[in-house]
Amino acid sequence: CQSCPTGSYGSVAGASNCSACAAGTYNSNTGATVCNACPAGKTSAAGSTSCTVSCPPGTSFQSFQSGGICVNCTAGSYSSAQNVSSCTSCPAGKFSNIGGSTVCTNCAAGSYSQFAGSTVCTNCPSGTTSNVGASSCGVSCSLGQYKNGNNSCANCLPGTYTASTDATVCSSCSAGSYVSAAGATNCVACDLGTYSSNAGSSFCLNCPSGRFSASTSGTICSDCPSGRYADTQGSSVCSSCPSGTTSGAGSTSCAVSCQPGQYKPPTGQSCTNCSIGTYSSISGASTCESCSLGKYNDVSGQSFCRVCSVGTYSAITGSSVCSACDIGKYIDTAGSSSCINCPEGQTSVSGATSCSTAAPPPCQPGQYRNSAGACANCTAGFYSVSSTASSCTSCAAGKYASSPASSACSNCIPGSYVSSTGSTTCQSCPTGSYGSVAGASNCSACAAGTYNSNTGATVCNACPAGKTSAAGSTSCTVSCPPGTSFQSFQSGGICVNCTAGSYSSAQNVSSCTSCPAGKFSNIGGSTVCTNCAAGSYSQFAGSTVCTNCPSGTTSNVGASSCGVSCSLGQYKNGNNSCANCLPGTYTASTDATVCSSCSAGSYVSAAGATNCVACDLGTYSSNAGSSFCLNCPSGRFSASTSGTICSDCPSGRYADTQGSSVCSSCPSGTTSGAGSTSCAVSCQPGQYKPPTGQSCTNCSIGTYSSISGASTCESCSLGKYNDVSGQSFCRVCSVGTYSAITGSSVCSACDSGKYIATAGSSSCINCPEGQTSVSGATSCSTAAPPPPPCQPGQYRNSAGACANCTAGFYSVSSTATSCTSCAPGTFSSARATACSSCSLGKTSEAGASTCTAIIINSVSPSVGKALVRRLITISGPKVIAVSRSLISYVSYGAKGGESKCLSWKWVDPMTVTCLINNIVAEGSSVYFRVYFTASVFATSTYGFTASAAPNISRVAIDKWGPHTIVFYGNNFGNNSFDTSVDIEVNSRTTDCVSTTWSPTKLTCTLPYYLPHGTTVHGRIVVGDQMALTLDSFAPYLPTLTKVSPTSGSASVPDRSFTLIGINLGNQQDDVNECFMYDVYGYRLECTPLWISNTTIIVTPNSRLSPDNVYRFKVSVGTYFTESETVTFSTGPAPFIASVIPGTGAGKVAKAITLSGKNFGLVTGTAVTFSAGGVTLACGFLKVVNVNTITCNVPATTEYDTTYDLRLTAGDYRFDFPGAFSTCAVPTITSVAPTVGKPLAFRDVTVTGTNFGFRGTDLARVAYGTGTTTSSHKTCMSAQWLDNNNVICRIHDDVVVNSVLKFSVTIGDRVVISALTVNHATRYGPTVSAATVSAGVVTITGSNFGTRTSDIGAVTLVNTSTYASYDCDDYSWTSGTQISCTLPSDLPAATYKYYITVADQDVLSSVTTAINLTAA
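Here is what the cut-offs are and how they apply
- Residues numbered from 1 in each chain as written.
- Predicted model: local features only at pLDDT ≥ 70, side-chain atom pairs only at ≥ 80, totals over all residues.
- Heavy atoms only, no water.
- Helix = DSSP H or I, 4+ residues; strand = E, 2+ residues; numbered from the N terminus.
- Buried < 20%, exposed > 50% of the residue type's maximum accessible area, 1.4 Å probe, protein only.
- Contact = heavy atoms within 4.5 Å.
- Areas by Shrake-Rupley, 256 points an atom, 1.4 Å probe, with all protein chains shown as cover.
- Lys, Arg positive; Asp, Glu negative; His and termini not counted.
- Charge placed at Lys NZ, Arg CZ, Asp CG, Glu CD.
- Pairing = 2+ DSSP bridges.
- Axes fitted to C-alpha atoms, helices over the stretch in contact; angles between N-to-C directions.
- Phe/Tyr/Trp six-rings, centres within 6.5 Å; stacked < 30°, edge-to-face > 60°.
- Lys NZ or Arg CZ within 6 Å of the ring centre and 35° of its normal.
- Disulfide = S-S within 2.5 Å.
- Core = buried A, V, L, I, M, F, W, Y, C linked by side-chain atoms within 4.5 Å.
- Polar contact = N/O pair within 3.5 Å; in protein donor to acceptor, adjacent residues only side chain to side chain.
- Patch = residues over 30% accessible without salt bridge, like charges linked within 9 Å, V, L, I, M, F, W, Y side chains within 5 Å.
- Salt bridge = Lys/Arg side-chain N within 4 Å of Asp/Glu carboxyl O.

> Could you clarify how one ought to interpret the overall build of the chain in this entry?
Helices and strands together make up the secondary structure of the chain, namely 0 helices and 146 strands. Dimensions along the principal axes, computed over C-alpha positions, put the chain at roughly 185 × 115 × 115 Å. Expressed as a percentage of its 1415 residues, the buried residues of the chain come to 37%. Across the chain, contacts joining residues at least 24 apart in sequence account for 44% of those joining residues at least 6 apart. Accessible surface, the chain: about 70500 Å² in total, of which carbon and sulfur atoms supply 51%. In the chain, 60 positive and 55 negative side-chain charges are present, and the distance between their average locations comes to 8 Å.

Spelled out as structure tokens, the structure:
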């Protein structure tokens, strides 16, 4: 029968079930016949095992643990039911002023309580009032107002209103209405053409163009229907499109409606005729359709396609013509897409509608007779000339046939070529080459010194003076001789002399090389550097002069330093002086520049040594350069000098001090292992000493040791035993007995009916049939012996023989057929007649042969909230106490000390409970003890931890695709028993097949795989605390989107790559394998490092190869992700050919474009500018393609500064010296000449400031009569002279009397000349009169320019001899008058006047007789 469980009882015999304890009673023991009544003040439900406090209304129960107490509700709170866990605060408008309240009281009219939990109500302020149960007092507010938080009235805000008095809140205007003023009592409907889509609007919005609202109270606007439009906002109707136009839904205007046969693309502004081969059959078409098979259109602008007539066909869509059927074919149906072969024995002419038996006509040139006997046209690229040709001939290289049915091939024109046969067209010769003859099969490269920048050239251009080119060049570059460097690799670069201290020995170098230390160059343009003479030196690279050695020192030719002669034990240091060698080093020669390290096994402890000393016996030095030798450690020795290592002492020897040169022998009776520092006792046979033991121990019964110094004992073999400890051998079982197991301490007698006549047996032999034997027999006989009586401690076995009770069992009867198991808490040896009780502090299981210390290894709960009184159940794997009387008390403790349990209870022999107080702080760990006496107790191996609530920080789907969910966090308890896990997958609760636990990680394995996109929720309960997960999503397929860097050098060691993508795993374990594949399919392994779900860093396990492209393949769980576009290139280094513009204003941000090659689409590409130690980053950088980069020069550049540019792409760098210059705002101060001939080419010099540093800085020079640069015409040519002068060649289209202003663009800065700085076009000068007075002739006329500098010359011409005489001086007075000071030796004669004004001159018809002598 089974005992009635706790919470029930059985009061009658022969019961088939037990009765539950009635409400108000309880039973905590099994096997009860009656239930106990709950004590006063406590109660219980039916079937209870304990009673709890019964708390009436007005109180709360402190906790639901045994021993809880009832606490009165405080003033301001109440409870209306029994056994509540907490009291409820009185709501606002109510109060309770005493403890233990079951209800709260309403505040009286004229008073209020504003907050929950009030213990008193407050009277309303003067001028305000309240109703019964009010939480505030207020005034009476008008329509359009509301009571605010200050118990005063406030106007409703725009967009809201109130239609009643005493409102506490304003209502929002509904959608489609508004109110714009505060204090409104109603809302206004939105007008036609307006709308409001949200409630609470203070205004209505106009419908946007293309939409309308035809009713009031509109909440949305509707699109204008097709064929109508609204071109303004706020429309209530849409207008119809004018005739000939149309529109789509929501249009703001109408567009032309194209007729059939025309189309207008969506972005077009006009109608276009459909091209031949296409048509449009509807009005307003946006595209044309191709003619279908069997149809054509040979005229544009058609609304339909024509049908191919009989005898013709069209086999492609979009045909502009129908083809005649070939000879031997026919078609008698219009609109056909193919022709029909004639029946066998018949033929037809081209374009036939039927076939006949007549012989086919001869084929035409450009045709051939095909296998069917019909004439077929030669395809383009082929030709025929014979009417009997059976095939066509391909055009030779250099020739082509662009159309079918050709009877000859055409030569490629000069400047073009074709290298293959059968061509239909020729290709233009590429840049850098030319073709001078027709019919060429290839082009010739331009010779060195020539170039060609255009395709299709017939000749190459010679490089201008001072420039050169390699064969096949598209441009010429400056040819810089040795001793110079090329400023940049841009067209128009300049040669710059190498500065003093540098040189170049080859042509066209990009930079000069600094003279190395020991050499110099003191002039610019050097091609070599000169060695410093003996007795002098140059310490640094780039020296322009050598320095004489200081007094007392000297040097050889080409020396970089001077020095003294150093002694043995010294060396020359960097200061050209001698220094002693450091300890551990030496020199054995004079003038050494470096000291040698002492070899391993030697040392020198003093500085300035000339040799090293060998290490003594017992010491060693394992490294070169030692300044001392180390003593050998204990247990090791060195028996020779110059030792580099120490050796272990051999077995049987030891070294107990450091620095030993020999090892000592172990004393008699002891021994040692290799490397020992001491000897240990050598155990005798029958004893053993474990490797960590300090003394010898006798071998236990059933074992032996036969040698000295044994570390373990061996078990007795089968047929042998040892019943005494400390034996060196095992005894042999005597005849009639046996031992069937190893390690026996006793031999067993053969059972009755069996015998053994041999000593040392492991089993007995069954008696022959008809014979029997007694227990322990050595033979069998036919007589049936009477069974002897069994002794106490024995039992009669199944064979009728007496057998000994094994240890842990006993018997007292001579007729016993079995032995009785010792009860828990007792034990016995073999053949026992009774069991003995375990001593205090020890216990045993049933059937135990020995007792062991009591173990308490289970505490439940082992984790929970801090500062909570709770009942803890402690138990062990074996009996703790067989009865309550054996336990004195139970206690619990932590770091701060130990306390007795508030109460404790013996539940059963293996279980005890302890009620702990609510003083256990968070983080405390509590242990438990069961005391049997004051000094004998058992301590729990596990305790209770007052822990913070569990926290889930992350949920991962382990291994991406399997069925395992991993929760990461903390405070997951002390063991797996503390924690339970609930999983909800797609709103369905699923049990874990298995779980694994750690304090920070819980793993739940589900019975199925999670599909993609699964939503997972989890709940972890630890003790009496719980944590819920956020949503977690099962994986989608991993994808790679980007790699950084994307290009770089193959020679960089330990390179790593950052892979960016999605679904790349939740932890390092998700990423399994990594490979890199090159363009040849070769695979490299790489090591992945997981960073996040979107980032993995991979490192190749071997070096990359140059000029290769690698793609990446990474396994995430069971999926591999790879991408053909996510690649890394080890291609050539980047190169910048140009920076445009190369000049711009300082302190202004500006966009520049870098052109070159091999830029790579590299994440992290950077462009920087540097000058004077300041580096600026180029912002908004964009790698447009591998040849182009754009970025913005920052606004922090200085004026008049040249910046060096550096491009960083991956781990490549390219430096472009002087790439960008800044300038201040340019100015124009003058132009020369200021006048010139109309309708004539002319060079005008524009003078000013800040015109840049080089020709490439000059972006544009223009001229015009307007005041804006956009109205100016670019000069026919412009030449930069220097920072202050440029030359503009004006075109020959400037009419007379034009006043030209000039604009100069330097980088991105533009300046226009003032109105007073100009160039005028005038007719040539004229002379109308000349008068002489006091040696000065005054010439009157017209068009003499605007200033003195316009006058090029004033010369007098003798009308008789035509000799010319320059004026000693002349001056410009105005555009109509010039004065000339006559030379004093001017002969008396009649003179004409030759005057030059800018590029025009005049020889006057006016003459003057001049005689200075007469004057």
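> Any chance you could explain the sheet that holds strand β142 (residues 1369-1374) here in plain terms?
Strands belonging to one sheet form pairs held by backbone hydrogen bonds; the direction of such a pair is parallel or antiparallel. Across the sheet, 4 strands lie side by side as β138-β139-β143-β142; this open sheet has antiparallel pairing. Each edge of the open sheet carries a strand with a single partner, namely β138 (1326-1333) and β142. Across the sheet, the axes of successive neighbouring strands diverge by a mean angle of 20°, strand direction being ignored. Note that strand β139 (residues 1336-1342) and strand β143 (residues 1377-1381) share 5 bridges and pair antiparallel. Across the sheet, the residue bridging to Val1337 is Cys1380, located in β143.

> I keep staring at the sheet that holds strand β134 (residues 1285-1290) and nothing clicks. Help me out?
One open sheet accounts for 4 strands, arranged β128-β130-β134-β133; its pairing is antiparallel. What marks the edges here is a single partner per strand, and that holds for β128 (1227-1232) and β133 (1277-1282). Between one strand axis and the next, the sheet turns through 25° on average, direction left out of account.

> I tried to follow the packing of aromatic side chains on my own but got confused; where do I start?
Describing an aromatic ring pair means giving the distance of the ring centres and the angle of the ring planes. Scanning the model with the defined rule gives 9 aromatic pairs in all. Between the aromatic rings of Tyr1263 and Phe1302, the centroid separation amounts to 6.4 Å while the plane-to-plane angle is 50°, which identifies the pairing as tilted. Highlighted residues: Tyr1263 in strand β131 (residues 1258-1264) and Phe1302 in strand β135 (residues 1299-1306), separated in sequence by 39 residues. In this structure an aromatic cluster arises from ring pairing among Tyr889, Tyr931 and Phe937. Lying across the ring of Trp904, Arg884 places its NZ or CZ 4.3 Å from the centre.

> Can you help me understand the state of the cysteines in this one?
Within this structure, the stated rule accounts for 50 disulfides. Paired by a disulfide, Cys156 and Cys170 hold their sulfur atoms 2.0 Å apart. Here the disulfide of Cys156 and Cys170 is left-handed, its torsion about the S-S bond being about -85°. Of the two residues, Cys156 sits in the loop between β16 (153-155) and β17 (160-161) while Cys170 sits in the loop between β17 and β18 (171-172), which places them 14 residues apart along the sequence. Each member of the pair, Cys156 together with Cys170, is buried. The residue that forms a disulfide with Cys838 is Cys851, at a sulfur-sulfur distance of 1.9 Å.

> Could you clarify how one ought to interpret the nonpolar core in this entry?
Side chains that are nonpolar tend, in soluble globular proteins, to be buried together. Counting residues in hydrophobic clusters, the biggest one holds 24 residues, and the most contacted among them are Ile874, Val890 and Phe928. Of all elements in the fold, only β95 (870-875), β96 (889-894), β99 (911-916), β100 (925-931) and β102 (944-946) reach the threshold of two or more residues within this core. Discounting residues that sit within four places of it in the chain, Val890 has contacts with Ile874, Lys900, Cys901, Trp904, Val912, Cys914, Arg929 and Val930. With 23 residues, the next largest nonpolar core counts Val1337, Leu1382, Val1402 and Val1406 among its residues.

> Explain the side chain of Ser196 to me, please; I cannot follow it from the model alone.
The residue Ser196 is located in the loop between β21 (194-195) and β22 (205-206) in this model. Under the relative-accessibility criterion, Ser196 is labelled buried at 3%.

> Hey, could you run me through the side chain of Ser336 in this one?
Looking at where Ser336 falls in the secondary structure, it is placed in the loop between β37 (329-330) and β38 (340-341). Here the side chain of Ser336 touches Thr333 through a polar contact of 2.8 Å, landing on its backbone oxygen.

> Quick question: what am I supposed to make of the pairing of β135 here?
Along a regular strand, successive side chains alternate from one face of the sheet to the other. Within β135, 7 of the 8 residues are buried, which leaves the element mostly enclosed by the surrounding structure. Taken together, the 6 bridges between β131 and β135 define a ladder with antiparallel strand orientation. If you follow Ala1262 over to β135, its bridge partner there is Ser1303. Pairing of β135 with strand β137 (residues 1319-1321) involves 2 bridges; the strand directions are antiparallel. Bridged to Leu1300 within β137 is His1319. As defined by bridge partners, β135 adjoins strand β136 (residues 1309-1312) across 4 bridges and the pair is classed as antiparallel. Within β136, the position partnered with Thr1305 by the bridge is Val1310.

> I tried to follow a nonpolar patch on the surface on my own but got confused; where do I start?
Taken together, the side chains of Leu840, Val882 and Leu886 make up a nonpolar region of the molecular surface, amounting to roughly 230 Å² of accessible area. Secondary-structure assignment places Val882 in the loop between β95 and β96.

> Explain the environment of Tyr931 to me, please; I cannot follow it from the model alone.
With respect to the helices and strands, Tyr931 occurs in strand β100. Accessibility expressed as a relative area gives 6% for Tyr931, which makes it buried. When the C-alpha positions of Tyr931 and Ser1044 are compared, they lie 68 Å apart, and in sequence the two are 113 residues distant. Excluding residues within four positions of it along the chain, Tyr931 makes contact with Ile887, Ser888, Tyr889, Ser891, Glu898, Val936 and Phe937.

> When you look at unusual backbone geometry in this model, what are you seeing that I'm missing?
Across residues other than glycine, the phi torsion is negative in most instances, and most of the peptide bonds are trans. In this structure, Pro861 follows Ser860 across a cis peptide bond, with omega equal to -10°. Mapped onto the elements of the fold, Pro861 is located in the loop between β93 (858-860) and β94 (863-864). The omega angle of the peptide bond from Ala1232 to Pro1233 is -5°, so this bond is cis rather than trans. Of note, Pro1233 is situated in the loop between β128 and β129 (1235-1236). The residue Ala405 is not glycine, and still its phi comes out positive at about 60°. Tracing the backbone through its elements, the reader meets Ala405 in the loop between β43 (399-400) and β44 (410-411). Even without being glycine, Leu1239 reaches a positive phi, approximately 55°. As for its placement among the helices and strands, Leu1239 is situated in the loop between β129 and β130 (1242-1249).

> Can you walk me through the environment of Val955 in this structure?
Relative to the assigned elements, Val955 resides in strand β103 (residues 951-958). Residue class for Val955 comes out buried when judged on its relative accessible area of 14%. Taking the C-alpha atoms as reference points, Val955 and Ser80, 875 residues apart in sequence, are found 43 Å from one another.

> Please explain the pattern of salt bridges as it appears in this structure.
Pairing of side chains with opposite charge becomes possible as their charged atoms draw close. One pass over the structure, following the stated rule, counts 9 salt bridges. Note that Arg211 is salt-bridged to Asp223, the shortest N-O span being 3.0 Å. One end of the pair, Arg211, is in strand β23 (residues 211-212); the other, Asp223, is in strand β24 (residues 222-223), with 12 residues separating them in the sequence. Taking relative accessible area as the criterion, Arg211 reaches 31% and is therefore assigned partly exposed. A relative accessible area of 43% means that Asp223 is categorised as partly exposed.

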